[in-house]
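Descriptive structure summary
Here's the letter readout for the chains.
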Amino acid sequence: MAVPQEPLLNGNENTTQTRQNSSPKATRTRQLNGSPTQPQDEGYYLRVSITTLDKNRRDPVFKFKAITNLPRYRNSSYPLVERSYIEFERLYNALTYSNPECIVPALPFSSSSYQATEDDERRVKHSMQQWVNRVAINPVLCHDEELRSFIETDFAFIPATKPRKRTSSFRLKFSSDIRDEDKALTHAKSVAHSLEGHFLDTAKASQKLAGYRKGLATFNTDLGTKSIAMGTIEKHPPLSNGLRKFGKTLQIISERQKLQAISEAAALGDFFSYYAINSHVVKETLANRLRIISEHDDAVKTTISKRRYIERLKSSTNIKSDKVTEALEDLEYAKSYEQNLDARVKRVTKNLHNELKIYEKNRAQDFFNAVKEYVKKQILFEKQQLKEWENLRPDIKAITKRNMHIYAFEDEKLDAKAIAERLSSTYM
């Protein structure tokens, strides 16, 4: 059922679309002031459902449908939208650049450790759906003009926002001597930096464990092959049968272990790798806040400088009216510029506190789901292996006790005692 469109809200256009035809001062003011935070009212919604993932192309293509009653959207329903993974990357970069007050979740990987299987497609599709859901319910991101363009554009999505590449000079200039009175965000930045390393180390350990399990599977296959070969030349029927069955069981178990290793790498390795990137995103988002604080500090210094210049003009004996007018205009612009930056710093800081709470909640839930999936699959694989060993039990029992009292030793039939004596004399 089509949802009727709501009338447009006042003036929350994306700043990047109005920069080109503005004066430098006005442009910079808009850039720093940014779009006001527009909370998502209870009646507004954006719902995106990924229906199909096409991985047969070089760049995976996601097909999805969307329904919304948000302002500025041309329609309330978009039944078929196709976007490539690269276009999702462009959207992610644009959202991150245009919304410094938001922790935009890292974009999921375009493939998983399941490696071109149905499970791989399922995992990638599920991860992207989760990412889209978290973006769509964000009260700031859901109103972003780039997101609207991403859904409505008929052809390839190319954002109007062109994020600047940050260089190492940013860290050297803004990281060490900035006055940051928000201890909670400072601590969160330190924790994110620490967790990034821990997640990365754990991901490597998980992948290494999966590699060792694959190696174990290879050795089990080799042992199984040799056991079957031994069983074919063994003359004692129960022992021959037992060796061959034992070898086949090892081969079956080795296949289970290969699947177990892949599942291990996907459930734990991929999760920890993704959250290593996510922790880096949190750290960079909080570091970007320091850049805004630094720009505000510079604006305060500029305003003070403009005031001092006017004081000098007042004490001057030769005052030109045009210089006074220009100085007053510069002071007004500097004060407005400072106020805009001050408002932006407060808005970014306030919203980042809320964003961190949501991020921590999502991370805890994702960690629980990853461990739960890992444990359930480990139990399943272990049960399957135990079942194979249980099926082997009758063949192993058939080798011992009653079946050993008669043994074909060359052309003679001997009892167990005679067999033991013959073997003892043979190998002494």
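You'll find the protein entered in an unreviewed UniProt entry as Vps5 C terminal like-domain-containing protein, with Glomus cerebriforme given as the organism.

Moving on, we come to the overall build of the protein. Within the protein, the secondary structure is distributed over 9 helices and 5 strands. Across the protein, helices and strands are ordered from the amino to the carboxyl terminus as α-β-β-β-α-α-α-α-α-α-α-β-β-α. A buried classification covers 42% of the 428 residues belonging to the protein. Residue pairs at least 24 apart in sequence account for 74% of intrachain contacts in the protein once pairs closer than 6 positions are excluded. Surface accessibility of the protein: about 25,300 Å² in total, with carbon and sulfur atoms responsible for 55%.

By volume, the second largest pocket amounts to about 550 Å³. Lining the second largest pocket we find 24 residues, and of these R123, H126, S127, Q130 and F271 sit closest to its centre. Among the elements of the structure, α3 (118–136), α7 (237–314) and α8 (321–397) are those that each provide at least two residues to the lining of the second largest pocket. Here the lining of the second largest pocket takes 8 residues from α3, the largest share from any one element. Its residues assigned to classes, the lining of the second largest pocket shows 11 nonpolar, 6 polar and 7 charged. In terms of domain composition, the lining of the second largest pocket takes at least three residues from each of domain 1 (44–155) and domain 2 (183–427).

Once that is clear, we can look at the packing of aromatic side chains. Inspection of every chain in the model, using the stated rule, returns 18 aromatic pairs. When the ring of F62 is compared with that of F88, the centres are 5.3 Å apart and the planes differ by 75°; the resulting orientation is edge-to-face. Of this pair, F62 sits in strand β2 (residues 61–68) while F88 sits in helix α2 (residues 85–98), and the two are 26 residues apart along the sequence. The rings of F109, F199, F271, F272, Y274, Y275, Y359 and F367 are connected pair by pair, giving a single aromatic cluster. Over the ring of Y45 we find R47; its NZ or CZ atom is 4.2 Å from the centre of that ring. Of note, R83 hangs over the ring of F150, and the distance from its end group to the ring centre comes to 5.5 Å.

One pass over the full model with this rule turns up 2 cavities of 30 Å³ or more. What the largest cavity holds in volume is close to 80 Å³. L46, V48, F64, F88, L91, W131, V132, V135, A136, L147, F150 and I151 together form the lining of the largest cavity. Where the lining of the largest cavity is concerned, the elements lending two or more residues are β1 (46–54), α2, α3 and α4 (145–152). Per element, the largest residue contribution to the lining of the largest cavity is 4 residues, and it comes from α3. Looking at side-chain class alone, the lining of the largest cavity contains 12 nonpolar, no polar and no charged residues. Approximately 40 Å³ is the volume attributed to the second largest cavity. Along its surface, the second largest cavity is lined by L70, P71, R72, Y73, C142, H143, D144, E145 and R148. Each residue belonging to the lining of the second largest cavity can be placed in one class, and the counts come to 4 nonpolar, 1 polar and 4 charged.

Criteria and cut-off values
All chains use their own residue numbering, which begins from 1 and follows the written sequence. Since the coordinates come from a predicted model, pLDDT governs what is reported: local features require at least 70, and pairs of side-chain atoms require 80 or more to be given and counted, while whole-chain, interface and lining totals use all residues. Computation of side-chain values covers all heavy atoms of the structure but excludes hydrogens and water. The helix and strand labels rest on DSSP assignments: H or I over at least four residues marks a helix, E over at least two residues marks a strand, and numbering proceeds from the N terminus. Only protein chains enter the calculation, and the probe is 1.4 Å; a residue is then buried if its accessible area is under 20% of its type maximum, exposed if over 50%, and partly exposed in between. Should any heavy atoms of two residues lie within 4.5 Å, those residues are considered in contact. The accessible surface values rely on the Shrake-Rupley method and a 1.4 Å probe; as for residues, cover is taken only from the protein chains in view. Here a cavity means grid points, on a 1 Å grid over the protein atoms only, where a 1.4 Å probe fits yet cannot get out; a pocket means an open set of points with protein on both sides within 12 Å along at least five of seven lines; lining residues are those with an atom within 4 Å of a point. Grid points are joined across faces, edges and corners, and a volume is the space filled by probe spheres set on the points. In this count, Pro and Cys sit with the nonpolar residues alongside Ala, Val, Leu, Ile, Met, Phe, Trp and Tyr, while Asp, Glu, Lys and Arg are called charged and the others, Gly among them, polar. Domain boundaries shown here were taken from an automatic or database domain assignment. Each Phe, Tyr or Trp ring (for Trp, its six-membered ring) is paired with any other whose centre lies within 6.5 Å, and the angle between the two planes then decides the class: stacked below 30 degrees, edge-to-face above 60, tilted in between. Should the NZ of a Lys or the CZ of an Arg lie within 6 Å of a ring centre and within 35 degrees of the ring normal, that charge is described as sitting over the ring.

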